[in-house]
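# Structural features, examined
Listed below are the residues making up each chain.
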Number of protein chains: 2
Amino acid sequence: MELRHLRYFIAVAEEGNFRRAAERIGIAQPPLSSQIKDLEDELEVQLFRRLPRGAALTEAGEAFLAEVIVIFRQVEFAKQMALRGAAGEFGRLRIGFTGSAAFNELVPKIIRSFRKAYPSVALTLAELNTRQLLDQIRSRSIDAAFIRPGPTSPDGIKITMVAEEPMMVVLPTGHRLAKEYAIPLSSLQDEPLVLHSRELGPDLYDEVIEGFRRSGVDPVIGQIAPQITSIANLVAVELGVSIVPAPLSAINVPGVVFLPIIGDAPRARLAVATHPDDHSVVTRNFKQQVATNLQKR
Amino acid sequence: MELRHLRYFIAVAEEGNFRRAAERIGIAQPPLSSQIKDLEDELEVQLFRRLPRGAALTEAGEAFLAEVIVIFRQVEFAKQMALRGAAGEFGRLRIGFTGSAAFNELVPKIIRSFRKAYPSVALTLAELNTRQLLDQIRSRSIDAAFIRPGPTSPDGIKITMVAEEPMMVVLPTGHRLAKEYAIPLSSLQDEPLVLHSRELGPDLYDEVIEGFRRSGVDPVIGQIAPQITSIANLVAVELGVSIVPAPLSAINVPGVVFLPIIGDAPRARLAVATHPDDHSVVTRNFKQQVATNLQKR
DNA sequence: TTATTATGATACATTTTATGTATCAGTTGG
DNA sequence: CCAACTGATACATAAAATGTATCATAATAA
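Below: a short report on this structure.

Rules of the game
Residues numbered from 1 in each chain as written. Chains lettered and ligands numbered in written order. Predicted model: local features only at pLDDT ≥ 70, side-chain atom pairs only at ≥ 80, totals over all residues. Heavy atoms only, no water. Phe/Tyr/Trp six-rings, centres within 6.5 Å; stacked < 30°, edge-to-face > 60°. Helix = DSSP H or I, 4+ residues; strand = E, 2+ residues; numbered from the N terminus. Buried < 20%, exposed > 50% of the residue type's maximum accessible area, 1.4 Å probe, protein only. Arc of directions from axis to C-beta. Polar contact = N/O pair within 3.5 Å; in protein donor to acceptor, adjacent residues only side chain to side chain. Core = buried A, V, L, I, M, F, W, Y, C linked by side-chain atoms within 4.5 Å. Contact = heavy atoms within 4.5 Å. Near = heavy atom within 4 Å. Nonpolar A, V, L, I, M, F, W, Y, C, P; charged D, E, K, R; others polar.

### Let's talk about the packing of aromatic side chains
Two measures describe an aromatic ring pair: the distance that separates the ring centres and the angle between the ring planes. One pass over the full model with this rule turns up 12 aromatic pairs over all chains. Ring geometry for Phe-9 of chain B versus Phe-48 of chain B: centroids 5.5 Å apart, planes at 50°, classification tilted. Note that Phe-9 of chain B is positioned in helix 1 (residues 3-15) and Phe-48 of chain B in strand 1 (residues 48-51), a separation of 39 residues in sequence. Each member of the pair, Phe-9 of chain B together with Phe-48 of chain B, is buried. Members of the aromatic cluster, joined through ring pairs, are Phe-9, Phe-18, Phe-48 and Phe-64 of chain A.

### Observations concerning helix 2 (residues 18-25) of chain A
Residues and elements named next belong to chain A. Among the residues making up helix 2, those that are buried are Phe-18, Ala-21 and Ala-22. Buried residues along helix 2 cover an arc of 100° about the axis, so they all sit on one side. Exposed and facing more than 90 degrees away from the buried side of helix 2 are Arg-19 and Glu-23. A distance of 2.8 Å separates the backbone nitrogen of Arg-19 from a side-chain oxygen at the start of helix 2, and that oxygen is part of Asn-17. Gly-26 sits one or two residues past helix 2 and shows a positive phi near 100°.

### So, the nonpolar core
If you look at the biggest cluster of nonpolar residues, it comprises 60 residues, and the most contacted ones within it are Phe-9, Phe-48 and Phe-64 of chain A together with Phe-9, Phe-48 and Phe-64 of chain B. Beyond its immediate chain neighbours, meaning those up to four positions away, Phe-64 of chain A contacts Met-1, Leu-6, Phe-9, Leu-39, Leu-43 and Leu-47 of chain A together with Ala-78, Lys-79 and Ala-82 of chain B. Formed by 36 residues, the second largest nonpolar core is a distinct cluster that contains Val-169, Ile-183, Leu-188 and Val-208 of chain B.

### Topic: the protein's contact with DNA strand D
In the vicinity of DNA strand D there are 22 residues, among which Tyr-8 and Ala-28 of chain A together with Phe-18, Arg-19 and Arg-50 of chain B approach most closely. Put simply, 71% of the atoms of DNA strand D that lie within 4 Å of the protein are in sugar or phosphate. At 2.5 Å, a backbone N or O of Ala-28 of chain A approaches a phosphate oxygen of DNA strand D. Contact between DNA strand D and Arg-19 of chain B: a base nitrogen at 2.6 Å from a side-chain N or O atom of the residue. Taken together, the elements giving at least two residues each to the surface near DNA strand D come down to helix 1 (3-15) and helix 3 (29-43) of chain A together with helix 2 (18-25), helix 3 (29-43) and strand 2 (54-57) of chain B. Broken down by element, the residue count for the surface near DNA strand D peaks at 4 residues, all from helix 3 of chain B. Among the residues making up the surface near DNA strand D, the classes are represented as 10 nonpolar, 6 polar and 6 charged.

Following this line, the structure appears as structure tokens:
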């Protein structure tokens, strides 16, 4: 059975006449009779009563017609769904982000706008450290990640820059400089530094260390933070001082102050990482959404 | 697009490999590639990503596949419905009956058993007089009717005998013979007769008149009853006497008694009338159900 | 009644189209 | 680098749909 048989069946059913149906289809009458016969043979059921004045549906034909109409509706629907699938309306998108990236307002903004544009895409969000994010991008366990990259793209990863944030000094409120409006990094000479493990985010780590060196400070690590977002808490209990991307000052941590940096200061980059071989339309749409949100700024 | 394209599409989707899919279908690989290409051209969407190690569904392909599977389920369902339609499971059956016929227990019994056997058939029941029933059978406004036929089949009507009922005398309780157990028709000489209009049911009418004549009684019509079922009520108010098919004695009419007839008595026939050109399976099934109920007796 | 018209079915020729064969180009893995 | 496997291409072949001519039947008109 082919759709052709069903198209012809509908034509005969609607016209009630083989000749007119054949004309409507655009073929001669004999092949139409032949095709209908083939259909009836396959179903082992007579679909039409051949009358001297045309052809009328049998009960079997009536019952069949109702369902055949559904078949064609479903065929049209399948076509539509293919097009919508091609447009990236379905599927899933697994997004990862580092804890510190989430504080940039662009991150939730981009995710919200994507959800709105593609409500049928199943979104997964996971907070991981940069190393894990890159590994999962490489193994295609996640599709895109907001990370803090270094100046060079990691191997086998495609980077799209999103934002560059100034960094701010974090001091305990009791610190001698806590009352200043802004300070240069050079004023933190010999202060023990609270910093996240280099393993978790090597690029931002290096950026910070390099920043201090540029200002003539030889940084001394006083305490390793389990993650960037907990740096402020460690500073609050006076385990040292630190610098963090500006958006992190939004965390309300009692016992610390955030101060702008005067002069040459390290900057924190925020980027979206994807797999270079990911040709998925969903991922492409996500990157498109990222670009749109950058333009609107 | 033909179902063939969709069958091939499913094979490639499931195998993830054109060669294996072709083998499974039972054709060579090149025509399979060609057919898939045709499908993609028609949809104007790429369904597979051709990889050096096989073929993977695109998002469009994924979305399409889900709906194509539904198409084939629907095709199977349509086939099933055609078969069930051929078995007379669907459609409608318009049954008519005369008021007096409904009193024979076989009538509700047959209708009940048909309903049970073919619950999806839409049943219509209409009570009409014999003349109207026959007209509606001829014009195919109803499919079958329980009527009281004469000895010969009416023109253009197919008759199937169902039952032959004895007739009983109906007397007002105050009648001189009301206390008897059974009487001959001849004892009703000169009694005014209550009878339905000949127009409404000529066959039973003639049967009654003829029955009286055979017993040597020249019947005198005292009152025309609007329908057979109201004869007893007219007898109750002493407008005359009558005879009715035995099952009608089941009506509880105060003021009348029903007595068996001694000797040669008219008999009331009960039959199913159908159109001779009605080849509908539903009607056929109904007649089959009638036959089954007769055998069980 | 007879002639005419309209119906779907049949027989066979023709065209279209799906399929088969041979081969190619690209990628992967040893 | 070579061998193996992938899908694509070119062209020949076979199958199947379609077209043409005609028939048998039944309803309708003369």
